[in-house]
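Listed here are the chains, written in short residue letters.
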Amino acid sequence: MLDSLYIKGFKLFEELNVPELSRLNLFVGNNNTGKSCLLEAVRLFASEASPAVIRDVIHTRDGDWETNLRNRSEVDDNYPSDAVSPMWSLFHDFQALDPSLMIEIGTGDEERRLRLSIDFYKRDDDLSRWVLVDPENDSIEVADEMLEVFVGFERTRLLRLENLFGRRGLLGRIPSPVDDRPKTKIISVGTDGIKRQEVGYLWDRINKTPFEDKVLSCLRLIDHRVEGVALVGNSERTVVLRLAGVSERVPLKALGDGMTRLLHIGLAMANAEDGIVLIDEFENGLYWGVQAELWPVVFEMAEAFNVQVFATSHSGDCIKGFERAWEKRPDLGAMYRLERKGSSVKAFSLPIVNLSDALESLVEVR
Amino acid sequence: MSDRTDGTKRFRSESDHLLIVEGVQDCHVFFQIAVHNSLENSFGIWDGGGDEGALKKFSGLLAASRRPAVLGIVLDSDPAKDGPNSGAIGRWGRFRGRLAKLPYQLPDKPDDGGAIFDGPDGYPRIGVWLMPDNRSDGMLEDFLLSLIPNDAKEFADFAAKEAKLRDIATFQEVHHSKAVVHTYLAWQDEPGKPLGLATRAGMFDVKGENAKAFVDWLKAMFSPVVI
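In this report, we go over the structure that sits alongside the text. Quick caveat, the model's predicted, so the values are computed rather than measured.

Now for the overall build of chain B. Within chain B, the regular secondary structure consists of eight helices and five strands. Starting at the N terminus, the α and β elements of chain B follow one another as β-α-β-α-β-α-β-β-α-α-α-α-α. Against the 2.2 N^0.38 benchmark of 17 Å for 227 residues, chain B shows a C-alpha radius of gyration of 18 Å, consistent with a compact globule. The dimensions of chain B, computed from C-alpha atoms along their principal axes, are 60 × 35 × 30 Å. Across the 227 residues of chain B, 52% fall into the buried class. When contacts within chain B are restricted to residue pairs at least 6 apart in sequence, those whose partners lie at least 24 apart make up 64%. As displayed, chain B offers around 10600 Å² of accessible surface, 49% of which is attributable to carbon and sulfur atoms. Taking the 27 positively charged and 33 negatively charged side chains of chain B as two groups, their mean positions are separated by 6 Å.

Structure representation (structure tokens):
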């Protein structure tokens, strides 16, 4: 479990300190204060910057648009490549890639940080390894632009940017010499949920296990008739439900967006034992009353499965639901508002006692 | 600051220099004290609707997305409720409890001159005054009694006690100072003004020596803050 969060040089964050995290952490704040960036940072950290996560984080925000645009164009073959590496989009404040820049993501403890920087390397065949280019003596022509990944202060990965994004950008298949899979179980529920293929995978992992019951209990927050779930079909599997008193099987989607959101949050929690769940815009698709009922269930699952949750929200109802669940378990929650001041973003702590007082006296905390 | 002293409008200032008080009577009195000391444009007043409401509003504003630059609160050190939460020390403890998880350095005991703390980056300057004098148990009326001539106070006090002795008074003992203040106000011109109007009419010496500590606290609190 992360006990604190430190982010430097990443996207919106010049330097962000979240001094104390808990099991369930809710982040609120205005648009463009970096709530989603914070979740991305946690993903990168927990995966130790796995190439798959790097690519996904960049692609989700169209950071690879230029590469994709050029790579799809036949005409571009006639021109020298001058597309900026998509890596660029991860660095703070849209600065041009430069070896002096470094992204740091981790905890207050400097040893527990992931560090990312870009530098030029060349292959030394005698030593059969990659060595840093010496700008005084080496020609840049022989060099490869590499992403250096450090865990703590130890370099653990060297990823050639060209391989990472490929001739055909993120759309292409990229052979990767390293194991892409994250080291920590980390499941992301985005603003529009979990991808369809992933839903099938997550369901299969818990199907007919005790975890399945927990997912069903989430769905029952909206429809108490839910008795069972099945995923049918081959590649594009459809979620269907058995409902008490209904003879036909009912597709999940027929019961509204809220049911899909509940399934995704439930599946993420049930699959992330000893890991991390990220929920961007918790409230999406959910009626306010359901949010109030869902939070206690998420608290309970987080504790039972040893999952740490990072969620974001814009919704007063979500905050109220969180506060009620947190008040009952003061040891399990933390809440911060990301606030922008000039070009920097800070995490402003909302202790439970002040949050409760604010909600009771109708003070705006979003 | 709202200038409505006719009681038709509640004090609900949105000023970023805000003083939170316990009730509507307090609003009127502090507004008039401000006027007498040329401070009426320095801060706005919020009626907390009771001690708990005032404390919650204060505490909640420290978590708000739009926080005031300066946030003060005046609380009674009301001995009415027995137990650990009554009196100046108990009230100070409750106030501190609301700030336990926030980055203010608060001492164990209230400051005689009223407490003021500058907040770290992003947090407002805060201050608290415990009526009547940050030491004694009491309330707004005890403070006002310190602002009337001694002989008048002694006589009004005597009258209230005598009424009790003769069994013609029904007020509770915890409200003794209220009875004394209103006894005093009964003989002013015009008799029986409410506290705010009486303050406006100069029936309490809010510019003199005995009000100085409180007025100095207001001035120190609401002097311009460099952000």
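A contiguous patch of negative charge, built from A:D3, A:E20, A:D109, A:E110 and A:E111, is present on the exposed surface. For A:D3, the position within the fold is in the segment before β1 (5-10).

What follows deals with unusual backbone geometry. All names here are of chain B. Here the amide bond leading from M131 into P132 is cis, since omega sits at 5°, within 30 degrees of zero. Topologically, P132 is positioned in the loop between β5 (125-131) and α4 (140-145). In this structure, E190 follows D189 across a cis peptide bond, with omega equal to 0°. Within the element layout of this structure, E190 appears in the loop between α6 (176-185) and α7 (195-200).

Okay, the pairing of strand β15 (residues 333-341) of chain A next. Residue and element names in this part refer to chain A. Within β15, seven of the nine residues are buried, leaving the element largely enclosed by the surrounding structure. Inspection of the sheet shows strand β3 (residues 24-29) paired to β15 by six bridges, in the parallel sense. Paired with N25 across the two strands is A334, which belongs to β15. As paired strands, β15 and strand β16 (residues 344-349) are joined by six bridges and run antiparallel to one another. Note that in β16 the partner of K341 across the bridge is S344. Linkage of β15 to β16, two consecutive antiparallel strands, is achieved through a turn of two residues, within which G342 is found at a positive phi near 65°.

On to the interface of chain A and chain B. Accessible area lost on assembly of the parts is the figure often given for the size of an interface. Taken together, the contacts link 19 residues of chain A with 16 residues of chain B. For the chain A and chain B pair, buried surface summed over both sides reaches about 1500 Å², with 50% attributable to carbon and sulfur atoms. Of all residues in chain A, the largest losses of buried area upon contact with chain B belong to A:F348, A:N354 and A:D357, amounting jointly to 35% of the total for that side. At the junction of chain A and chain B, the tally comes to five salt bridges. The partner of A:D357 in a salt bridge is B:R98, and the shortest N-O contact between them spans 2.6 Å. Counting across the interface, chain A meets chain B through twelve residue pairs in polar contact (both at pLDDT 80 or more). At the level of elements, β15, β16 and α10 (352-360) of chain A are the ones that each hand at least two residues to the side of chain A that touches chain B.

The rules behind the values
Residues numbered from 1 in each chain as written. Chains lettered and ligands numbered in written order. Predicted model: local features only at pLDDT ≥ 70, side-chain atom pairs only at ≥ 80, totals over all residues. Heavy atoms only, no water. Helix = DSSP H or I, 4+ residues; strand = E, 2+ residues; numbered from the N terminus. Rg over C-alpha atoms; globule rule 2.2 N^0.38 Å. Buried < 20%, exposed > 50% of the residue type's maximum accessible area, 1.4 Å probe, protein only. Contact = heavy atoms within 4.5 Å. Areas by Shrake-Rupley, 256 points an atom, 1.4 Å probe, with all protein chains shown as cover. Lys, Arg positive; Asp, Glu negative; His and termini not counted. Charge placed at Lys NZ, Arg CZ, Asp CG, Glu CD. Patch = residues over 30% accessible without salt bridge, like charges linked within 9 Å, V, L, I, M, F, W, Y side chains within 5 Å. Salt bridge = Lys/Arg side-chain N within 4 Å of Asp/Glu carboxyl O. Pairing = 2+ DSSP bridges. Buried area = accessible area lost by both parts, 1.4 Å probe. Polar contact = N/O pair within 3.5 Å; in protein donor to acceptor, adjacent residues only side chain to side chain.

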